[in-house]
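# A closer look at the structure
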Amino acid sequence: MNRERIYSQEGHLMLGNVDSVQLAKTYGTPLYVFDTEIIREKAAAFKEAFSRYPVNYQIAYASKAFSTVAMVQLVDELGLALDVVSGGELYTALSADYPAERIHFHGNNKSEEELRYAVKAGIGAVIVDNFYELDMLSNIAREENKIVKVMLRITPGVEADTHAYISTGQEDSKFGFYLTKGDAEEAFRRTIRDPQLLLIGLHFHIGSQLFTAKTHEQAIQALYEYVDQWYKTYQFLPGIINVGGGFGIRYTESDLPETPQTFIGAIVECILRECEQRNLKVPEIWIEPGRALVGEAGTTLYTVGSMKSTREGRTYIAVDGGMTDNLRPALYQSKYEAAIANRFPSESEKAVTVAGKCCESGDILIDSIELSAVKPGDLLAVFCTGAYGYAMANNYNRLPRPAVVFVEAGEAQLVVKRESYEDLIRHDLPLKKRSQIR
Ligand SMILES: *Cc1c(COP(=O)(O)O)cnc(C)c1O
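What counts as what
- Residues numbered from 1 in each chain as written.
- Predicted model: local features only at pLDDT ≥ 70, side-chain atom pairs only at ≥ 80, totals over all residues.
- Heavy atoms only, no water.
- Near = heavy atom within 4 Å.
- Polar contact = N/O pair within 3.5 Å; in protein donor to acceptor, adjacent residues only side chain to side chain.
- Areas by Shrake-Rupley, 256 points an atom, 1.4 Å probe, with all protein chains shown as cover.
- Nonpolar A, V, L, I, M, F, W, Y, C, P; charged D, E, K, R; others polar.
- Pairing = 2+ DSSP bridges.
- Helix = DSSP H or I, 4+ residues; strand = E, 2+ residues; numbered from the N terminus.
- Contact = heavy atoms within 4.5 Å.
- Domains from an automatic or database assignment.
- Buried area = accessible area lost by both parts, 1.4 Å probe.
- Salt bridge = Lys/Arg side-chain N within 4 Å of Asp/Glu carboxyl O.
- Buried < 20%, exposed > 50% of the residue type's maximum accessible area, 1.4 Å probe, protein only.
- Arc of directions from axis to C-beta.

## Here we look at the site of the ligand
Around the ligand lies a shell of 14 residues, among which Lys64, Ser208, Glu288, Arg291 and Tyr388 are the nearest. A distance of 3.0 Å is found between an oxygen atom of the ligand and a backbone nitrogen or oxygen belonging to Gly290. Relative to its free-state accessible area of 390 Å², the ligand is covered by the protein chains to the extent of 94%. Within the shell around the ligand, the residues separate by chemical class into three nonpolar, seven polar and four charged.

## Here we look at the sheet that holds strand 2 (residues 13-15)
The strand order 1-2-3 describes an open sheet built from three strands, whose pairing is antiparallel. Looking at which strands have only one partner, the edges of the open sheet turn out to be strand 1 (6-7) and strand 3 (18-19). Examined bridge by bridge, strand 1 and strand 2 share two bridges and lie antiparallel to one another. What sits directly across from Tyr7, in strand 2, is Leu13.

## What about the side chain of Ser63?
Within the secondary structure, Ser63 sits in the loop between strand 5 (57-62) and helix 3 (69-77). Not counting the four nearest positions on each side in its chain, Ser63 is found in contact with Leu82, Asp83, Val84 and Glu89.

## So, the domain arrangement of the protein chain
The domain architecture assigned to the protein chain consists of domain 1 (6-30 + 298-385 + 402-417) and domain 2 (36-294). For domain 1 and domain 2, the distance between their C-alpha centroids amounts to 34 Å. Counting residues at the interface gives 15 residues for domain 1, matched by 16 residues for domain 2. A buried area of about 1400 Å², summed over both sides, lies between domain 1 and domain 2, and 59% of it is on carbon and sulfur atoms. Per-residue buried area on domain 1 facing domain 2 is highest for Tyr332, Phe406 and Glu408; these three make up 39% of the total on that side. Between domain 1 and domain 2 we count one salt bridge in total. A salt bridge links Arg40 to Glu408, with the shortest nitrogen-to-oxygen separation between them at 3.0 Å. Sorting the residues of the side of domain 1 that touches domain 2 by element identifies helix 11 (328-332), strand 20 (403-408) and strand 21 (411-416) as the ones contributing at least two each. Looking at the side of domain 1 that touches domain 2 element by element, the count peaks at four residues for strand 20.

## Remarks on helix 1 (residues 20-27)
Looking only at helix 1, the buried set comprises Ser20, Val21, Leu23 and Ala24. Viewed end-on, helix 1 has its buried residues packed into an arc of 160 degrees, placing them on one side of the element. Of the residues that open helix 1, the one with a side-chain oxygen 2.8 Å from the backbone nitrogen of Val21 is Asp19. Immediately downstream of helix 1, the backbone of Gly28 shows phi near 80 degrees, a positive value.

## A word on unusual backbone geometry
Thr29 connects to Pro30 through a cis peptide bond whose omega is -10 degrees. Structurally, Pro30 can be placed in the loop between helix 1 and strand 4 (31-35). Here the phi dihedral of Asn145 falls at roughly 55 degrees; this positive angle occurs in a residue that is not glycine. Within the secondary structure, Asn145 sits in the loop between helix 6 (131-143) and strand 9 (148-155). One non-glycine residue, Ala373, adopts positive backbone phi at about 30 degrees.

This is how it looks when you write it as structure tokens:
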């Protein structure tokens, strides 16, 4: 958390100039709160970073980080493009009246139904991941009598310096066409010769929560060796290079990611250098930040319930959510910072473990954090939960998923309602009597 925490005169944590205690009272806990001003600032920082260079660019929000109708509408308002990875995310985007031609479709196993839906909707580009998809998309395009714009997802063979579960650029990855094994060239050749497909660019995404542009630069260099060769062989130069997302954020004080300016600067300069050296036309440059746009904007508010101290000296405080509203600590051992939201921070802080309420020993949100004299009923704010929090939320133990509220400049608005118990059984059907089964 790199931003200053602001408290009201009564010592209530303020989010977007709205009192967090009031938010908890009005909407209940757990509650996801997004300060949309922070999302605006982040988008502006990426735009500003590009605007220093004489290049055409596009910033697409990777909506898998946090996809709801209101968020998609905000993305539209900010003038960003949008990435989706499933029919459900595409449906969300189209339901928000987001323009189809600015939507790009990713994923390593898009179904025929999903692809047809995307083609019929007239989306801006399909980022093709594998040969199976390439054939299927070509057939669908022919049947629908359309020419579909595609990018090819290339696996550049670089190892991202991040958790293995969010590293995607290495050769042994489930994603993309391998660059060095001839697959990428084969896909390139097939696409440019396919009358139903229009190759608009090449794409890679090497991983998430990266702190420097080093691996992006390695990937660009690796890719340009081939782009150059392919240009000589096929006289075809892709108009767009899409370098994916993965720009890291500051979950805790020890996370020190480069700023968008430094990150984007390094990427753009690397592409400009490669093009100049090889005397190639500079492409349009696309990026796909997810986490970097929404992560730091999100705060989750919880109410503290039971507490206990072990003989080994650990104090557990349990909150009214957990791995159901934030899976990342259990999935990736992710670290977070937190603070008591209903009073000023004090000098006498003590290390506690923040546990969730799910029936799993692994349901620990924060292994150790210094908090001031916690007691049951306190409001706990966990910071930087905007990305992959609500997006990965689930109903384990049949916990209803929390509500989502946007705050900005002193105003709050509910954008996702809290699930009810009725919602939990909405799709359940009663057991048939045995005689009725056959
Ligand atoms: C997940 C993903 C992103 C966004 O990653 P962040 O770490 O959230 O920036 C971008 N592009 C692709 C293809 C992805 O799969």
